[in-house]
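Each chain is listed here by its residues.
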Amino acid sequence: MSEIKGQSGRKKRSRTRLAHAGRAPSQQFGFVNTPIYRGSTVLFPDTASLLANRGAYTYATKGTPTTRALEEAWADVSNAADAVAVPSGLAAITLALLTAVKAGDHLLATDSCYLPARMFCDTVLKRLGVETTYYDPRVGPDVARLMRPNTTAILTESPGSQTLEVQDVPAIAEIAHARGVCVILDNTWATPLFFPPHERGVDLAIEAGTKYLSGHSDLLLGLVSANDKWARRLRATYDAFAMCPGPEDVFLALRGMRTMELRLREAERAGLEMARWLASRDEVAHVIHPALESHPDHALWKRDFLGSTGLFSLVLKPVPPAAVAAMLDGLELFGLGYSWGGFESLALPFDCASYRTATQWAPGGPALRLSIGLEDTNDLKDDLDAGFARLRLAASR
Ligand SMILES: *Cc1c(COP(=O)(O)O)cnc(C)c1O
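Every value quoted in this text rests on a predicted model; they were computed, and no experiment measured them.

A.B. asks: Looking at this model, I keep getting lost on the domain arrangement of the chain. Mind explaining?
C.D. replies: The extent of an interface is frequently quoted as the accessible surface area lost upon association of the parts. Splitting the chain by domain gives domain 1 (14-256) and domain 2 (261-396). Once you take the C-alpha centre of each, domain 1 and domain 2 turn out to be 28 Å apart. Contact residues are listed per partner, giving 41 residues for domain 1 and 41 residues for domain 2. Both sides of the domain 1 and domain 2 interface together cover about 3,600 Å² of buried area, and 58% of this is carbon and sulfur. For domain 1, the biggest contributors to the area lost against domain 2 are Q162, W189 and F194; these three give 26% of the whole. The interface formed by domain 1 and domain 2 includes three salt bridges. With a shortest N-O distance of 2.7 Å, R303 and D168 are connected by a salt bridge. Where domain 1 packs against domain 2, one counts 25 residue pairs in polar contact (both at pLDDT 80 or more). Where the side of domain 1 that touches domain 2 is concerned, the elements lending two or more residues are α1 (14-20), α5 (115-127), β3 (131-135) and α7 (191-194).

Put into structure tokens, the structure is as follows:
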């Protein structure tokens, strides 16, 4: 659904597609945006149509013009065969996993995956008879050694949650595809704009639209896109669950899509500026940002990614927990809370030592994750500068 005038047939660049995909003004009385269609029932013109379930729309769990607009636009910007929209990023992960695995299967999941994804594997998938092995995100081609005859899917996330390891997704995909194994990627950090998932060998790509697609911390949404091989299976699984998002959230996601590239470019610029500034601070042991040369996977990031975003982590030099709390509690601009990718900056202390099993997290000091928002970076530096003063004072007591 995209009504770009003219017959040139040229595939438009991603920025143009973000502006035009998922809109059909001529079908909406000329109004620029696809409106919010609310509803359950769709009427059929006659008995024969009803019995044959014929029509663009048949029942709202299977899609409305609003949800279809977002799905088509997302498939377009992802260079995917199809995409489905679900009510949260976590729902996108669980749907992708349930598309790929069945009882008796073995799943490989990166140790750096989003923690609730791990909980899903350890509870629901386990109960359904799917065994999960967690692997070092830096496994690369050695993933071959972890494969069993019943391995059917590999969950990747790059860069990883909180610790931001970059995975060699193309190498993993090559090995997986030689055995018909499905490669799933949580691509939330980069979005398809900065990591084109299907061009890199991913079968099912997940995006928490809650983050950069929304950009405004005002909705929950998830998307799964599929290549040709997995599109039908994804759509069938989606239809079986009726995991359909609400129309207002979908409308807001379409609105967010129009400005997503602009916001991502700014997130990249501001994120790098803040990361470099933090790396120069005495209180900071090191900054974990894939686009910094100091990141151990920087070469891989440079090879595969087209940009970086505003979410990164840092490790402080050792100080007592009370000093970290003193720093965080007085922050004026950085909010303390979950999620990220909104216009407002956020800070989150984290410690993955207790839930990583294939790798060890021992960074040598307290760790923080920052999401850089759209505030003036000078104000953000002032805020953190005052925070570091509180940290030093509390640490010296
Ligand atoms: C936030 C997040 C999710 C989950 O998104 P929700 O919409 O909050 O459920 C999934 N993956 C990653 C990497 C995330 O950061």
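A.B. asks: Please clarify how the packing of aromatic side chains should be interpreted in this entry.
C.D. replies: Tallying each qualifying case throughout the model produces five aromatic pairs. Note on W189 and F305: the rings are 6.0 Å apart at their centroids and 70 degrees apart in plane angle, and the pair reads as edge-to-face. One end of the pair, W189, is in the loop between β5 (182-186) and α7; the other, F305, is in the loop between α10 (298-304) and β9 (311-316), and 116 residues separate them in sequence. A residue is classified by how much of its surface remains accessible, and F305, at 6% relative accessible area, is buried. These aromatic residues form a ring-pair network of at least three members: W189, F195 and F305. Directly above the ring of Y134 sits R118, whose terminal nitrogen or CZ lies 3.8 Å from the centroid. Above the face of the F195 ring, R200 is positioned so that its terminal group lies 5.6 Å from the ring centre.

A.B. asks: Explain the sheet that holds strand β11 (residues 346-350) to me, please; I cannot follow it from the model alone.
C.D. replies: By way of backbone hydrogen bonds, the strands of a sheet pair with one another, either parallel or antiparallel. Taken in spatial order, the five strands make up an open sheet running β8-β9-β12-β11-β10, and their pairing is mixed. Of all the strands in the sheet, the pair left with one neighbour each is β8 (284-288) and β10 (335-336). Both β8 and β9 contribute to a ladder of four bridges, which runs antiparallel. Across the sheet, residue V287 finds its bridge partner in β9, namely L314. Here helix α9 (residues 247-279) sits on the sheet and contacts β8, β9 and β12 (367-371); the angle it forms with β9, its principal contact strand, is near 5 degrees. Along the sheet, helix α11 (residues 321-329) contacts β9, β10, β11 and β12; its crossing angle with β12, the most-contacted strand, is approximately 15 degrees.

A.B. asks: Looking at this structure, how should I read the sheet that holds β3?
C.D. replies: If you trace the seven strands from one edge of the open sheet to the other, you get β1-β7-β6-β5-β4-β2-β3, paired in mixed fashion. Each of the sheet's edge strands pairs with one partner strand only, and the pair in question is β1 (82-86) and β3. Recorded for the sheet is a direction-independent mean angle of 20 degrees between the axes of neighbouring strands. Pairing analysis gives five bridges linking strand β4 (residues 151-157) to β5, with the strands arranged parallel. Residue T156 lies in a different strand from β5, and its bridge partner there is L185. In this fold helix α3 (residues 65-78) packs onto β1, β6 (204-208) and β7 (222-226), with an angle of close to 130 degrees to the strand it touches most, β1. Relative to the sheet, helix α8 (residues 228-241) contacts β1, β5, β6 and β7, its axis offset from that of β1 by approximately 30 degrees.

Conventions and cut-offs
Residues numbered from 1 in each chain as written. Predicted model: local features only at pLDDT ≥ 70, side-chain atom pairs only at ≥ 80, totals over all residues. Heavy atoms only, no water. Domains from an automatic or database assignment. Contact = heavy atoms within 4.5 Å. Buried area = accessible area lost by both parts, 1.4 Å probe. Salt bridge = Lys/Arg side-chain N within 4 Å of Asp/Glu carboxyl O. Polar contact = N/O pair within 3.5 Å; in protein donor to acceptor, adjacent residues only side chain to side chain. Helix = DSSP H or I, 4+ residues; strand = E, 2+ residues; numbered from the N terminus. Phe/Tyr/Trp six-rings, centres within 6.5 Å; stacked < 30°, edge-to-face > 60°. Buried < 20%, exposed > 50% of the residue type's maximum accessible area, 1.4 Å probe, protein only. Lys NZ or Arg CZ within 6 Å of the ring centre and 35° of its normal. Pairing = 2+ DSSP bridges. Axes fitted to C-alpha atoms, helices over the stretch in contact; angles between N-to-C directions.

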